[in-house]
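Survey of secondary and tertiary structure
Here is how the chains run, residue by residue.
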Amino acid sequence: MAVKLVWARPAYTDRMEIREHVAQHAPAAALALDELLSEKAGLLLDHPGLGRVGRVPGTRELVAHQNYILIYDVADDLVRVLRVLHSARQWPDK
């Protein structure tokens, strides 16, 4: 059974907001960063345990870039990217 990757709505929104923010100053860098986030998430299809145990129970965290972390969970044949957060952000929200 093939593993499927899904971007949850909050993660997709995070990704679009990050791309828009970076694009204001460096459009090429925004595209490269978005491609990197997609590439790193894609690694989870073959290696769902790649990231560290998450700070929220049931989640895992993958450092996709020095400034961005993919928060995800794994259930059977599904990897869900839940959020894309800046590494300086307080997580989980208190």
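This section reports on the structure supplied with the text. (Residues numbered from 1 in each chain as written. Predicted model: local features only at pLDDT ≥ 70, side-chain atom pairs only at ≥ 80, totals over all residues. Heavy atoms only, no water.)

This brings us to the side chain of Glu61. Position of Glu61 relative to the elements: it lies in strand β3 (residues 60-65). Separated by 2.8 Å, the side chains of Glu61 and Arg55 make a polar contact. Ignoring sequence-local partners within four residues, the contact set of Glu61 consists of Gly51, Arg52, Gly54, Arg55, Ile69, Leu70, Ile71, Tyr72 and Trp91. (Helix = DSSP H or I, 4+ residues; strand = E, 2+ residues; numbered from the N terminus. Polar contact = N/O pair within 3.5 Å; in protein donor to acceptor, adjacent residues only side chain to side chain. Contact = heavy atoms within 4.5 Å.)

Bringing the side chain of Arg83 into the picture now. Locating Arg83 in the fold gives a position in strand β5 (residues 78-86). At 2.7 Å, the side chain of Arg83 and the side chain of Asp14 are in polar contact. Contact partners of Arg83, with chain neighbours within four places excluded, come to Pro10, Ala11, Asp14, Ile69, Leu70, Ile71, Arg89 and Trp91.

We now examine helix α2 (residues 27-43). Since the α-helix advances by 3.6 residues per turn, residues separated by three or four positions end up pointing in the same direction. Between its first and last C-alpha, α2 extends 25 Å over 17 residues, near the 24 Å set by a 1.5 Å rise per residue. Considering only its buried residues, α2 is in contact with β1 (4-7), α1 (9-23), β3, β4 (68-75) and β5. (Expected span 1.5 Å × (residues − 1).)

Our focus in this paragraph is the packing of aromatic side chains. The full count for this structure, using the stated rule, is 0 aromatic pairs. The residue whose ring lies beneath Arg15 is Trp7, and the NZ or CZ to ring-centre distance is 4.5 Å. (Phe/Tyr/Trp six-rings, centres within 6.5 Å; stacked < 30°, edge-to-face > 60°. Lys NZ or Arg CZ within 6 Å of the ring centre and 35° of its normal.)

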